[in-house]
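# Fold and contact review
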Amino acid sequence: MLDLTTDSISGFHAHIYYDASTKEKAQQLREKLAQNFTEIKLGRWHDRPIGPHPRWSYQVAFEKELFGKLIPWLMLHQNGLIILVHPLTGDDLADHRDYAIWLGEKLELNLEVLKQ
């Protein structure tokens, strides 16, 4: 492991996972996020697995200063959805594999795509 500090983190991503049966819940969460956190950046809907993500998802990008407010909010509002949260340190593999936290079930990521 490298000797990293929190200064190594430039921001965070939260990946909201859903499928056909939970897409409405994901939409409701997205709307609440947009209403409560104007400083986040909501990514596109991906109605298929993409990159290392094994399920359908959309991304929420946010600055590290928002972590202490946004993550507890997501804990209380995830409504049964699975959420992956990881830092942005410049090492995508470590960010997803070593530094990630999960809200809900931990899923197996396709880390091979990050090793390339």
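Residues numbered from 1 in each chain as written. Predicted model: local features only at pLDDT ≥ 70, side-chain atom pairs only at ≥ 80, totals over all residues. Heavy atoms only, no water.

In the annotation of an unreviewed UniProt entry, the protein chain is listed under the name Dopa 45-dioxygenase and assigned to Gloeothece verrucosa.

## Considering the pattern of salt bridges
Counted by the stated rule, this structure contains three salt bridges. When the shortest N-O distance is used, the salt bridge between R97 and D98 registers 2.9 Å. Classification of R97 as partly exposed rests on a relative accessible area of 44%. Taking relative accessible area as the criterion, D98 reaches 33% and is therefore assigned partly exposed. The salt bridge partner of E112 is K115, with a shortest N-O separation of 3.2 Å. (Salt bridge = Lys/Arg side-chain N within 4 Å of Asp/Glu carboxyl O. Buried < 20%, exposed > 50% of the residue type's maximum accessible area, 1.4 Å probe, protein only.)

## Section: the pairing of strand 1 (residues 12-18)
Buried residues dominate strand 1, accounting for seven of its seven residues. Because side chains alternate across strand 1, one face comprises the buried residues F12, A14, I16 and Y18, and the other comprises H13, H15 and Y17, equally buried. As defined by bridge partners, strand 1 adjoins strand 3 (residues 56-62) across seven bridges and the pair is classed as antiparallel. Each residue of the ladder has a partner; that of H15, found in strand 3, is Q59. One ladder, built from six bridges, connects strand 1 with strand 4 (residues 82-87); its direction is antiparallel. Considered in strand 4, the bridge of I16 is made with I83. (Helix = DSSP H or I, 4+ residues; strand = E, 2+ residues; numbered from the N terminus. Pairing = 2+ DSSP bridges.)

## Description of unusual backbone geometry
Backbone geometry at N79 places phi at a positive 50 degrees, although glycine is not the residue there. Along the polypeptide, N79 turns up in the loop between helix 2 (67-77) and strand 4.

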